[in-house]
Amino acid sequence: DAGITQSPRHKVTETGTPVTLRCHQTENHRYMYWYRQDPGHGLRLIHYSYGVKDTDKGEVSDGYSVSRSKTEDFLLTLESATSSQTSVYFCAIRPGPNTEAFFGQGTRLTVV
Amino acid sequence: AQTVTQSQPEMSVQEAETVTLSCTYDTSESDYYLFWYKQPPSRQMILVIRQEAYKQQNATENRFSVNFQKAAKSFSLKISDSQLGDAAMYFCAYRSSLLSGSARQLTFGSGTQLTVLP
């Protein structure tokens, strides 16, 4: 158990509303990631962080923002949700530069 | 940018038989990591096996082994003595060994859905 908790686990929201997903870790690891999973695409990186207030964009960052004000929390925000953002969102942490990534249990987001 | 390709969207295997899942990747780097992750219906992403590119020996974890062909940029997963619990989506993933910028991320293939037939 890598001590990763995603919340909420499921959410249905309306188009145009803001949504924030939370990833919480208990181990103080430096590297944290947000991915989205869609059929036929595997997992694609949205944003990542390598420390407090240090974040960067991934492959599919348009429409998303992130914040990391504490080591243990990495927040993903959809400023104005669209139907194309309906997906399963995974948070991941990586304990060190040469270790594998550990994933949270995912959040299924539906934008109607 | 690196790309990872899994050309088999679906595969099936008879229980107790052996199956091989294919993965190819494209990179200009010489040092990197390759992974196979398993995603059962619970949606949890579970690391199956990991290979460092500088190691010539193929990684093995119990019934799971890889065939790593660096020159061909191929990284296949062999599952021996398949069990019903092996049924899942399997993802191949690549990560650079560099420590800066986008090299910190995992790049995933599109996945192979494995069905195990009783």
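Everything below is about the structure printed above this text.
Residues numbered from 1 in each chain as written. Chains lettered and ligands numbered in written order. Predicted model: local features only at pLDDT ≥ 70, side-chain atom pairs only at ≥ 80, totals over all residues. Heavy atoms only, no water.

> Just to check I follow, could you spell out the nonpolar core for this structure?
Side chains of a nonpolar character, in soluble globular proteins, are inclined to be buried together. Within the largest apolar cluster, 25 residues are counted, with the highest numbers of intra-cluster contacts made by Y25(B), W36(B), F75(B), L77(B), Y90(B) and L114(B). Every element with two or more residues in this core is listed here: β3 (19-21), β5 (32-39), β6 (46-52), β8 (64-69), β9 (74-79), β10 (88-96) and β12 (112-117) of chain B. With four residues, the single largest contributor to this core is β10(B). Formed by 20 residues, the second largest nonpolar core is a distinct cluster that contains A92(A), F35(B), A93(B) and F108(B). (Core = buried A, V, L, I, M, F, W, Y, C linked by side-chain atoms within 4.5 Å. Buried < 20%, exposed > 50% of the residue type's maximum accessible area, 1.4 Å probe, protein only. Helix = DSSP H or I, 4+ residues; strand = E, 2+ residues; numbered from the N terminus.)

> Mind showing me how you'd approach the interface of chain B and chain A here?
Interfaces are often described in size by the accessible area the parts lose on coming together. Listed by partner, the interface residues are 20 residues for chain B and 27 residues for chain A. For the interface between chain B and chain A, the tally reads one salt bridge. Taken together, the links from chain B to chain A amount to seven residue pairs in polar contact (both at pLDDT 80 or more). Those elements that provide at least two residues to the side of chain B that touches chain A are β5, β6 and β10 of chain B. (Contact = heavy atoms within 4.5 Å. Salt bridge = Lys/Arg side-chain N within 4 Å of Asp/Glu carboxyl O. Polar contact = N/O pair within 3.5 Å; in protein donor to acceptor, adjacent residues only side chain to side chain.)

> For this particular structure, what's the right way to read the state of the cysteines?
By definition, a disulfide is the covalent link that joins the sulfur atoms of two cysteine residues. Residue and element names in this part refer to chain A. This structure, assessed with the given rule, holds two disulfides over all chains. With a sulfur-sulfur separation of 1.8 Å, C23 is cross-linked through a disulfide to C91. Between C23 and C91 the disulfide shows an S-S torsion of about -70 degrees. By sign, it is left-handed. Highlighted residues: C23 in strand β3 (residues 19-25) and C91 in strand β9 (residues 87-94), separated in sequence by 68 residues. C91 matches C23 in its accessibility class, with the two residues each being buried. (Disulfide = S-S within 2.5 Å.)

> So what exactly am I meant to see when it comes to the pattern of salt bridges here?
Where charged atoms of side chains with opposite charge meet at close range, the side chains can pair. Applying the stated criterion across every chain yields a total of nine salt bridges over all chains. Between D73(A) and R22(A) there is a salt bridge, with the nearest N and O atoms lying 3.1 Å from each other. Of this pair, D73(A) sits in strand β8 (residues 73-78) while R22(A) is found in strand β3, placing the two residues 51 residues apart along the sequence. A relative accessible area of 9% means that D73(A) is categorised as buried. When the shortest N-O distance is used, the salt bridge between R63(B) and D86(B) registers 2.8 Å. Here R63(B), found in the loop between β7 (60-61) and β8, pairs with D86(B), found in the loop between β9 and β10; they are 23 residues apart in sequence, far enough to count as distant. Take D86(B): its relative accessible area is 2%, and that puts it in the buried class. Via salt bridges that share partners, E100(A), R50(B), E52(B) and K55(B) belong to a single interconnected network.

> Just checking my understanding: could you explain unusual backbone geometry for this structure?
Residue P8(A) follows S7(A) across a cis peptide bond; omega there is -10 degrees. Even without glycine at this site, K53(A) takes up a positive phi of about 65 degrees. Take K53(A): it is sitting in the loop between β5 (42-51) and β6 (54-57). Phi at D81(B) takes a positive value of approximately 50 degrees, unusual for a residue other than glycine. Its location among the elements puts D81(B) in the loop between β9 and β10. Given the relative accessible area of 39%, D81(B) is considered partly exposed.

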